Amino acid sequence: MRESSSTIGAGGLERRDWIALGLLLAGAAAIRVVAWSQTAVLFNDGPIFLAMADALRAGEYAKVLAHPQHPLYPALVAVLEELALAPEAAAVAVSIAGGLLAVVAVFRMAHRRFGSAIAWSSGALVALHPWAVDFSADVMSDGLYAGLFLAALALLVELLEGPSALRAAGFGLVAGLAYLARPEGLVLAVLAGLLFAWRIVKRPGERRGALPIALAAFGIMLLFVGGLRWAEVPGAGAFALSQKKSVAVLLEGGPGEAAIARDRADRREARRDADALPLPEGSIRADGRGEARPARSVAGLAGAAARVVATSLSTVRHEVALFALLGLAGSLAPRRREGRAYERVVLLLAGLQGTILLLLVWGAGYVSRRHALAPGLALLPLAALGWQATIQAIDARLGFRLARLVCRGRDKRAFGAHACAALLVCVLVVCWGPRDLRARRTDRAAERRAAEWLASQSASVAPVAAQKGRTAYYAGAVFVPIPDGRDGTLERQLRGRGAGYLIIDQAKLGDHLGLAEGIGRWLVPLHVERTPGQTVLVLALSPPAG
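Treat the numbers as computed from the prediction; the structure is a model and nothing was measured.

### What to know about the overall build of the protein
No. 1: Scanning the protein for helices and strands turns up 24 helices and five strands.
No. 2: Per-residue burial for the protein yields a buried fraction of 48% across its 546 residues.
No. 3: Considering only contacts in the protein between residues 6 or more positions apart, those separated by 24 or more positions represent 73%.
No. 4: Total accessible area on the protein stands at roughly 25,400 Å², and carbon and sulfur atoms take up 63% of it.

Right, here's the structure in full:
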C-alpha cells in the first residue's frame, strides 16, 4: 500500500487502519468480558492454573516447574494478582489479552499481504470467531497461546519477506514465549526450520546471510526451550522437550502399561500430599469409551485422518473453511504472484498441524478443537479474501448496481472492498453474535451451587469426590476422582483416597457402579440442589464400620 500523509507508525498502516484496529480490539474485549460473565463455571483445568499461580506467589517455583502444565500462563496470572486483581479475574484478563493479540497478529498478516479491507475483515473474523471467544474468555492457557502463536507467525512472514537479525530475534522471542505457554509452540521451530532450509536451497546466493538470521531465531527460542527443560528436570534421566506426550510416544501408539502405571502412581502420590499441585484428571465412567485409539491398520489410519479433518473443519467453521478455499485459489492467482510468504507459511503449517493431530489421535485416542484453534485462525485472511471475491462476483453479475449506488465518483473497486468488509461484519454479528454472548456451562451451575453450599458449612472441607476437579475447587477442597466401580471396590477406593464428601448429578449415578446402591448405606444425603432438568446430590461418606 502506498503511504500517505495520514500514515502513522510502521508497516504502512494509515490512520483509518489504526482506527479500525482499535475498534476491533474494543469490540473483541467487550465480547470476551460478556462471555466470561455468562460462564457458569470455569474450565476444568482452571483450578490447576490458579493453584500454580498461588504457588508462584508463594515462591514455590520448583513445584510449578515440575508440573506438566507449562508455566507462562500461571506466571502472568500471578503478576496480575500481585496488582490486586482477584484470581479468576486475573486469569481471564490474561486470556482476553491473548485473544486481543490474536486479533492484532491476524490483522497484521492480512494487511501486509492483502491490504486494509481484508485486514479489517480478518480482524473481525478473529474478534467474533466462536471458538476464539470461548478459549480466550475462560481460565485456560489456550487464549494466550493462540495469541503468541499467531504473533510469531506474523513475525515469521515478515522475516521471510525481509530477513534481518532484529526480526529473527523477535520471532525467536515470541515463539519461545508460545512454547512457555503450551508445548505445541515447538511446531514454530519446525516450521521456521523447514522454510529457511527451502529458502537456502532455492537461493544459494543467500546462504551466507541466512545463517546468522537462522542462528538468531533458533538461538533465542532455544534459550526458552532449553532453560525450561533444564529447570524442570534437574538431574533427571532422559531429556525431553515437554512433560506432556512426546512425538515418539505418539508414534508408538501411546504410553505403554508401565508408563500408565507410573502416571497413576504419581497422581496417587500427589493426592496424598496436601501441599502438592493438582494434576489434570477426571473421573472414569463405567460405560465410558475410554481412549478411542484407532486400530493399527490402514483402515484405522484412514479413520484417524477423518477425525482430524472433521475436528479441523469444525474448529475453523465449515462456512469459513469454504471461503478460505476460495481465497486460497485467488491468492495463488498469477496476478498475486509477488509476496507469497504468508501462503507458504500457512500451507506448510496446515500440513504440520495435520500431522501432529493425526499422531495425537493415533497415540492418545483423542483430538479437540483446542489443539486446532491457533493454526486455524491463521487461515482467516484467506476466508476474508474468499468472501470479498464472492460478493464482488455477485455484484458483477448484478451489473455493479451496488457499486454505482454507493460509490458516487469514488474508486469503485476500493470502496467495494471496504463495503464487502462492512457486510461481513454485519453477517458475523447476526450469525455469531448470539452464540458468542450465550450462557455457558449452565448444565454445571447446580454442581457449583452445591459445592459452594458445602463450603459454607465449614471452614475446612474434607476431600470431595466428584466427576470434575472444578467441583472440589468451588467447595474449597482437595479433588478425588470417582472410580468406575467395575471391580466392586468403589467404597474402599474412595475411603482410601481420603474422600469425605461426594457431589454428583443424580442422573449420572449410573456412571459409577455401586454408587447409587451406596446411598443410605455408606453415603449419607446432606443436601440437594435442583434446577430445571437437574438434581445434584451432596453426600457424606459415613464413618467406616467398626
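Right, picking up where we left off after that structure.
### Structural notes on the pairing of strand β4 (residues 523-531)
No. 1: Of the strand pairs in this sheet, β4 and strand β5 (residues 534-541) are connected by eight bridges, and their pairing is antiparallel. The residue bridging threonine 531 from the neighbouring strand is glutamine 534, located in β5.
No. 2: Between β4 and β5, which pair antiparallel and follow one another directly, the connecting turn spans two residues, one of which, glycine 533, has a positive phi of 85°.

### Here we look at helix α9 (residues 165-181)
No. 1: Taking 1.5 Å per residue, 17 residues should reach 24 Å; α9 reaches 24 Å between its end C-alpha atoms and fits that length.
No. 2: Turning to α9, its buried residues are Ala168, Phe171, Gly172, Val174, Ala175, Gly176, Ala178, Tyr179, Leu180 and Ala181.

### Topic: the environment of arginine 296
No. 1: Tracing the backbone shows arginine 296 in the loop between α13 (257-272) and α14 (298-316).
No. 2: For the pair arginine 296 and tryptophan 362, spaced 66 residues apart in the sequence, the C-alpha separation amounts to 8.4 Å.

### Considerations on the environment of serine 37
No. 1: Relative to the helices and strands, serine 37 resides in helix α1 (residues 15-37).
No. 2: In the structure, serine 37 is positioned 401 residues away from arginine 438 in sequence and 10.0 Å away in space, judged by C-alpha atoms.
No. 3: At 2.6 Å, the side chain of serine 37 forms a polar contact with the backbone oxygen of valine 34.

### Things to note about the packing of helix α2 (residues 46-57) against helix α4 (residues 72-82)
No. 1: Taken N-terminus to C-terminus, the directions of α2 and α4 make an angle of 60°; their axes are 8 Å apart at the nearest point. The handedness of the crossing between α2 and α4 comes out as right-handed. Packed against α2, whose contacting residues are Phe49, Leu50, Met52, Ala53, Asp54, Leu56 and Arg57, the element α4 presents Tyr73, Pro74, Ala75, Val77, Ala78, Glu81 and Glu82 at the interface.

### So, α4
No. 1: All of the buried residues along α4 are Leu72, Tyr73, Pro74, Val77, Ala78 and Glu81.
No. 2: On its buried face, α4 sits against α2, α5 (87-114), α8 (142-161) and α9.
No. 3: Among the residues trailing α4, alanine 84 stands out with phi positive, at a value near 80°.

### As for the nonpolar core
No. 1: By size, the foremost hydrophobic cluster in this structure holds 126 residues, and its most contacted members are Leu125, Leu150, Leu153 and Leu156.
No. 2: In terms of residue count, α8 provides more of this core than any other element does, 14 residues in total.
No. 3: Membership of the second largest hydrophobic core comes to 15 residues, among which are Ile482, Leu515, Trp522 and Leu539.

### Describing the sheet that holds strand β1 (residues 464-466)
No. 1: Spatial strand order, β2-β1-β3-β5-β4: five strands in an open sheet with mixed pairing. Each end of this open sheet is capped by a strand with a single partner; those strands are β2 (479-481) and β4. When strand polarity is set aside, the average angle formed by the axes of neighbouring strands in this sheet is 25°.
No. 2: In this sheet, strand β3 (residues 501-505) lies alongside β1 in parallel orientation, the contact comprising two bridges. If you follow alanine 465 over to β3, its bridge partner there is leucine 502.

### Quick word on the packing of aromatic side chains
Remark: the centre distance and the inter-plane angle together describe each pair of aromatic rings, the angle taken between the planes.
No. 1: Under the criterion given, the structure shown has seven aromatic pairs.
No. 2: When the ring of phenylalanine 49 is compared with that of tyrosine 73, the centres are 5.1 Å apart and the planes differ by 85°; the resulting orientation is edge-to-face. Of this pair, phenylalanine 49 sits in helix α2 while tyrosine 73 sits in helix α4, and the two are 24 residues apart along the sequence. Of the two residues examined, phenylalanine 49 and tyrosine 73, each falls in the buried class.
No. 3: Plain terms: the ring middles of phenylalanine 323 and tryptophan 387 are 5.5 Å apart, the flat faces sit at 70° to each other, and that makes the pair edge-to-face. Taken together, the residues span a long stretch of sequence, with phenylalanine 323 in helix α15 (residues 318-331) and tryptophan 387 in helix α18 (residues 380-397) at a distance of 64 residues.
No. 4: Assessed through its relative accessible area of 22%, phenylalanine 323 is described here as partly exposed.
No. 5: Arginine 435 extends its terminal NZ or CZ atom over the ring of tryptophan 131, reaching a point 4.6 Å from the ring centre.

### Considering the side chain of histidine 67
No. 1: Checked against the element boundaries, histidine 67 lands in the loop between α3 (61-66) and α4.
No. 2: Here the side chain of histidine 67 touches proline 278 through a polar contact of 2.7 Å, landing on its backbone oxygen.

About the criteria used
- Each chain carries its own residue numbering, running from 1 in the direction its sequence is written.
- The predicted nature of this model means local features are confined to residues of pLDDT at least 70 and side-chain atom pairs, given and counted, to a pLDDT of 80 or more, with totals for whole chains, interfaces and linings taken over all residues.
- As a rule here, side-chain values come from all non-hydrogen atoms in the structure, and water together with hydrogens is ignored.
- Counting from the N terminus, the helices are DSSP H or I runs at least four residues long and the strands are E runs at least two residues long.
- Each residue is assigned to one of three classes by its accessible area relative to the maximum for its type, calculated with a 1.4 Å probe on protein chains only: buried under 20%, partly exposed between the two thresholds, exposed over 50%.
- Any pair of residues with heavy atoms lying within 4.5 Å of one another is described as a contacting pair.
- Surface accessibility in these figures is a Shrake-Rupley result with a 1.4 Å probe; residues are shielded only by whichever protein chains are displayed.
- A pair of strands is treated as paired once DSSP finds two or more bridges between them.
- Between the first and last residue of a helix there are one fewer steps than residues, each counted as 1.5 Å, and that sum is the expected span.
- Contacts described as polar in this section are N or O atom pairs within 3.5 Å, which, within protein, must combine one atom able to donate a hydrogen with one able to accept it, while residues neighboring in sequence count only if both atoms come from side chains.
- Only the stretch in contact is used when fitting a helix axis, every axis being a line fitted to C-alpha atoms; angles between N-to-C directions are given from 0 to 180 degrees.
- Helix crossings are classified by the rotation of the near helix relative to the far one: an anticlockwise turn of less than a right angle makes the crossing left-handed, while a clockwise turn makes it right-handed.
- Throughout, nonpolar core names a set of buried Ala, Val, Leu, Ile, Met, Phe, Trp, Tyr and Cys residues whose side chains join them through atoms within 4.5 Å.
- Aromatic rings from Phe, Tyr and Trp, taking only the six-membered ring of Trp, are treated as a pair when their centres fall within 6.5 Å; an angle between ring planes under 30 degrees marks them as stacked, one over 60 as edge-to-face, and anything in between as tilted.
- Placement of a charge over a ring requires the Lys NZ or Arg CZ to be within 6 Å of the ring centre, with the centre-to-atom vector within 35 degrees of the ring normal.

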